[in-house]
Structures are given as C-alpha cells and as structure tokens.
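Summary of structural features
The chain contents come next:
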Amino acid sequence: MSEESDSLRTSPSVASLSENELPPAPKPPGYVCSLTEELVAKAREELQEKPEWRLRDAQALRDMVRKECPGLRTALDDAFLLRFLRARKFDYDRALQLLINYHSCRRSWPEVFQNLKPSALKEVLASGFLTVLPHTDPRGCHILCIRPDRWIPSSYPITENIRVIYLTLEKLIQSEETQVNGIVILADYKGVSLSKASHFGPFIAKKVIGILQDGFPIRIKAVHIVNEPRIFKGIFAIIKPFLKEKIANRFFLHGSDLNSLHTNLPKSILPKEYGGTAGELDIAAWNAVLLASEEDFVREFCQPVPACDSILGRALLPEGLPSEAQCDDSMRAVKSQLYSCY
C-alpha cells in the first residue's frame, strides 16, 4: 500500500462492539498544520488562507455557529471547521452555509446516511464499484475511480453506491492535502445499459449533485468519463441541469480514446485497464483503509439522531433545483430521451 493510503489509516475496527459499548470519543487534539510549505503557499494563493490568521478564522466561524446556530449539533474543533473554510476560500458566511447544508443533507436523506459505516457496505466495496487509485495526479489530487458496470441492480439499491461514495469522501477529506488539492473523478461507463441508467433519475441526480456542490467541503477539480456508450447522452441530460457552470466545464468525455485521457492523467499513475503503467487495478488497498476506519464512522454516523434542528430549515438547495414533483415530470421526459439515445 502507498504512503498516501497509509496516511489515511485510523484505529482498528470495533464493529463487534455495540453502540453502547463504544469507548468515549477522544478529545480532539490541538490543531497542528500538516501541510508542506508548498501546499501552504498553494492554499494562500488559491484559497486565500493565511497561516498567521488560520486559527483566528476558525474561531470566527466557531463564534458564528454558536451565535447563529446554537442548536446545531456539530463538531467545532479547528481541524473540522478548516475543511469548510478552505472549501469556500475563507468566506465566513459561505463556509457557515456550507456547514449548515452539510448537516441538512445528512438528515434529509436517511437511506444514505443512517448506519453509514464500512462494515455495512462490504458487498459494495467488494464489487469494485468505487476505489481510490494509489497515486495522485500531477496536482496532488486523489483519483476516485467509479465503475457503474460493477453494480448489479438486483443485488442492492443504487443508494448503496451513493453511500460508498460518501463514505470515501468523508475519509479523504480528513487529509489537509485533499482539502487544498481537491479530487479528480474517473468514471468508466463501459457496459452501462439502458435499464441500469434508468435507476439514476432526476431525483437521485438532484440529491447527489446537491451534496457534492453545496453540501460537502470537497473541491472537485475534474471529472473524466471514459468508455461512455450512446446512452450517456441521456445520463448527462439528467445531470447537466443541476451542475454549476464551473463544474460542468470540468467534465471531459474521452470515449474509448485513452490517449485523450492520458493528456490529463499520465500513464504512470493509471492502472493498465486504462492504458497506464501502474499495474493492475487494485481495490483491496482502499477497502482496507475504509474498513480500518470503522470506529470513526460508528461514532459519527451510527449514534441516535436528535430532533431536527430548527436552524437546518435555513439550508439552501442549489439554485434552480426542481421539486420532487418536477423531478417526476423530468424523469418521464428523460426516459424518452434515454430510449432514443439507446
């Protein structure tokens, strides 16, 4: 396993313990920056992060949460709050709204967020639907490799795939390097059929993209699509209305042209399945990282949820997102478009 994967490991699994038997959560240590000098300079240039003001900024956001959202049950340590400040370039108001949205998303979609832990998703992990490649790209971005063809709809619902994506994002964002560098998504749509594509309707698209754009402190630097069939035109028709222009411009469709992919992601960091020289695609290493993080996820996602905080009513959905009724109408139109593409 690479040094990057090792750095993401946490304490051993406690899956065998019940919730009542879990030891008390350790007190968060005082913040110690783990960024290299190069990343400190990058954060200053791209995120407006000033090392000398970093703790002051975290305190300012903490004060805002306590004043404006006194009922919001959230972590308030420096390391946690810096995730949101970095994701919004140290704009206090936008960072606060992102934090509120983060908790609102978690509470509004219980099928995804309840009992969210690696041991509950072993089947999805074993399928190879998602993994993180062992090497970062030239900008230092971790690469999430998603392979929808590995999902068998009759085995489990699509929400289980979304749970694994969120689980992975939660793990990755613990790293300050990822907070600064962001991530890249590599999606392989080889073999995706009409029946499988129909599971990803406007309602699911709205939820997932709402989380990625406005409900999670992650920077998505690029989305590379390979081996997309004709049906992908219909899939992208579902996704595009919900994408902000900045994110939409970061989608790159390569088809079966791996040379096109290699202009963005060098062969040296890709597995041989994508024309690379980094060996066979290995899902075991990343699965081990997640499974070793069981205790963290049990503490964070498997505890009783209190009554919904009134402040979460302020959570804003991305502009232009339709209602569920509108999504139903859109789904009928999109299904027609999927059939014509197919």
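Residues numbered from 1 in each chain as written. Predicted model: local features only at pLDDT ≥ 70, side-chain atom pairs only at ≥ 80, totals over all residues. Heavy atoms only, no water.

Per an unreviewed UniProt entry, the chain goes by the name Alpha-tocopherol transfer protein-like protein and belongs to Myotis davidii.

**Re the overall build of the chain**
Looking only at helices and strands, the chain features 17 helices and 5 strands. Here the chain holds 342 residues, and 52% of them are scored as buried. With the model as given, the accessible surface of the chain reaches about 16300 Å², and the carbon-plus-sulfur share is 52%. (Helix = DSSP H or I, 4+ residues; strand = E, 2+ residues; numbered from the N terminus. Buried < 20%, exposed > 50% of the residue type's maximum accessible area, 1.4 Å probe, protein only. Areas by Shrake-Rupley, 256 points an atom, 1.4 Å probe, with all protein chains shown as cover.)

**Re the packing of helix H3 (residues 54-68) against helix H4 (residues 78-87)**
Between H3 and H4, the shortest axis-to-axis distance is 9 Å and the interhelical angle comes to 90°. Here H4 runs roughly perpendicular to H3, going by the angle between their axes. Residues Arg54, Leu55, Asp57, Ala58, Leu61 and Arg62 of H3 lie in contact with H4, whose contacting residues are Asp78, Leu81, Leu82, Leu85 and Arg86. Looking at the contact of H3 with H4, its residues break down into 6 nonpolar, no polar and 5 charged. (Axes fitted to C-alpha atoms, helices over the stretch in contact; angles between N-to-C directions. Parallel < 35°, antiparallel > 145°, perpendicular 65-115°, else oblique. Contact = heavy atoms within 4.5 Å. Nonpolar A, V, L, I, M, F, W, Y, C, P; charged D, E, K, R; others polar.)

**Side note on the pairing of strand S3 (residues 183-188)**
Most of S3 is tucked away, with 6 of its 6 residues classed as buried. Along S3, one buried face is formed by Ile183, Ile185 and Ala187 and the opposite face, lined by Val184, Leu186 and Asp188, is buried too. Where strand S2 (residues 142-146) meets S3, 5 bridges bridge the pair, whose relative direction is parallel. Counted as the bridge partner of Leu144 is Ile185 from S3. Here S3 runs beside strand S4 (residues 220-226); their pairing, made up of 6 bridges, is parallel. The residue bridging Ala187 from the neighbouring strand is Ile225, located in S4. (Pairing = 2+ DSSP bridges.)

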